[in-house]
Amino acid sequence: MDIIYECTVELIKRVEGKENNLDYYLNSLSKKTGKSQKYWYNIFLNYYENDFPKLKEIVVPNFDLINKIKTSKHKFIFASNPVFPEIAVHHRINFIGLSPNNFIYVSTMENSHFCKPNPKYFMEVLEKLNINAKDCIMIGDTDFDRSSLKVGMEFIHINEENKWKEIL
């Protein structure tokens, strides 16, 4: 567990983006443990297929925000910190009664090369979608999300309900 935590912290703190987050993470785990990347991938895949879905029972969705997403004319990006593989992110989206199809982009370990709070995370998403930061608003719940301000993107904390309700 200590090595998994250590590798996750390293993933979040890294500043270079030569390989996607999943490859970087698996490579880091492999180097530190002597077990192959395939070994670690299979461990995680098994966990995310079989045990992770049970977490749905403890998730408390923000139904006001979810209903806004479902009915809004705006486009949405699921900009969760890409420290989870796609299978886990899709489960997380389903936990709250949404689908990846509710979003124009979903951040995962496989399609990301940086993590929050690195502003390069936000720049990568903006560049992939060819959109301007000034046309976006990050609705988030951590200081990591607040790093969107460094690329010129407005930030609204999830608890500032009056602000995001007015916009959405």
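Residues numbered from 1 in each chain as written. Predicted model: local features only at pLDDT ≥ 70, side-chain atom pairs only at ≥ 80, totals over all residues. Heavy atoms only, no water.

Engineer: Outline the packing of helix α1 (residues 2-13) against helix α2 (residues 21-33), supporting the account with residue identities and numerical values.
Structural biologist: Where α1 meets α2, the closest approach of the two axes is 10 Å, and the angle between their N-to-C directions is 140°. The pairing of α1 with α2 is recorded here as oblique in orientation. Crossing of α1 against α2: the hand is right-handed. Counted together, Ile3, Ile4, Glu6, Cys7, Thr8, Glu10 and Leu11 of α1 and Asn21, Tyr24, Tyr25, Ser28, Leu29, Lys32 and Thr33 of α2 form the full contact between these two elements. Taken together, the residues of the contact of α1 with α2 break down into 7 nonpolar, 4 polar and 3 charged. (Axes fitted to C-alpha atoms, helices over the stretch in contact; angles between N-to-C directions. Helix = DSSP H or I, 4+ residues; strand = E, 2+ residues; numbered from the N terminus. Parallel < 35°, antiparallel > 145°, perpendicular 65-115°, else oblique. Left-handed = near helix turned anticlockwise from the far one by under 90°. Contact = heavy atoms within 4.5 Å. Nonpolar A, V, L, I, M, F, W, Y, C, P; charged D, E, K, R; others polar.)

Engineer: Tell me about the nonpolar core, and name the residues and values.
Structural biologist: Membership of the largest hydrophobic core comes to 16 residues, with the highest contact counts inside it found for Leu11, Tyr25, Leu29 and Phe44. Counting only elements with at least two residues in this core, the list comes to α1, α2, α3 (37-50) and α5 (86-95). In terms of residue count, the dominant contributor to this core is α2 (5 residues). When near neighbours in sequence (up to four residues on either side) are disregarded, Phe44 contacts Ile4, Tyr25, Leu26 and Leu29. (Core = buried A, V, L, I, M, F, W, Y, C linked by side-chain atoms within 4.5 Å. Buried < 20%, exposed > 50% of the residue type's maximum accessible area, 1.4 Å probe, protein only.)

Engineer: Run through a nonpolar patch on the surface, naming residues and quoting values.
Structural biologist: A cluster of nonpolar residues, Tyr47, Leu55, Ile58 and Val59, forms a patch on the protein surface that exposes about 330 Å² of accessible area. Judged by relative accessible area, Ile58 falls into the exposed class, the value being 66%. (Patch = residues over 30% accessible without salt bridge, like charges linked within 9 Å, V, L, I, M, F, W, Y side chains within 5 Å. Areas by Shrake-Rupley, 256 points an atom, 1.4 Å probe, with all protein chains shown as cover. Salt bridge = Lys/Arg side-chain N within 4 Å of Asp/Glu carboxyl O.)

Engineer: An account of the packing of aromatic side chains is requested, with residue identities and associated values reported.
Structural biologist: Within this structure, the stated rule accounts for 11 aromatic pairs. For the ring pair Tyr48 and Phe52, a centre distance of 5.0 Å and an interplane angle of 75° mean the geometry is edge-to-face. Residues Tyr48 and Phe52 agree in their burial class; the two are buried. Taken together, Tyr47, Tyr48, Phe52, Phe84 and Phe95 form an aromatic cluster joined through their ring pairs. One cation-aromatic arrangement involves Arg14 over Tyr24; the distance from NZ or CZ to the ring centre is 4.3 Å. (Phe/Tyr/Trp six-rings, centres within 6.5 Å; stacked < 30°, edge-to-face > 60°. Lys NZ or Arg CZ within 6 Å of the ring centre and 35° of its normal.)

Engineer: Explain the side chain of Ser107 to me, and be specific about the residues and the numbers.
Structural biologist: Residue placement: Ser107 occurs in the loop between β2 (105-106) and α6 (119-129). Polar contacts involving the side chain of Ser107 include one to the side chain of Tyr121, which spans 2.6 Å. Residues in contact with Ser107, not counting those within four places in the same chain, are Phe78, Ala79, Ser80, Pro82, Val89, Ser112, Tyr121 and Val125. (Polar contact = N/O pair within 3.5 Å; in protein donor to acceptor, adjacent residues only side chain to side chain.)

Engineer: Can you explain the pattern of salt bridges? Please cite residues and give values.
Structural biologist: Under the criterion given, the structure shown has 10 salt bridges. The partner of Asp51 in a salt bridge is Lys54, and the shortest N-O contact between them spans 3.3 Å. Classification of Asp51 by relative accessible area gives partly exposed; the value is 35%. On the accessibility criterion, Lys54 (52% relative accessible area) is exposed. For the salt bridge of Arg146 with Asp143, the shortest nitrogen-to-oxygen distance reads 3.4 Å. Placement of both Arg146 and Asp143 in helix α7 (residues 143-146) is noted, with a separation of 3 residues, approximately one turn of the helix. Since its relative accessible area comes to 35%, Arg146 is described here as partly exposed.

Engineer: Residue-level account of unusual backbone geometry, with values.
Structural biologist: Negative phi values dominate among residues other than glycine, just as trans dominates among peptide bonds. Here the residue pair Lys116 and Pro117 is connected by a cis peptide bond, since its omega of 15° sits within 30 degrees of zero. As for its position among the elements, Pro117 is in the loop between β2 and α6. Phi at Asn130 is positive, roughly 55°, even though this residue is not glycine. Following the sequence through the fold, Asn130 ends up in the loop between α6 and β3 (137-140).

Taken by themselves, the reported measurements are silent on function.
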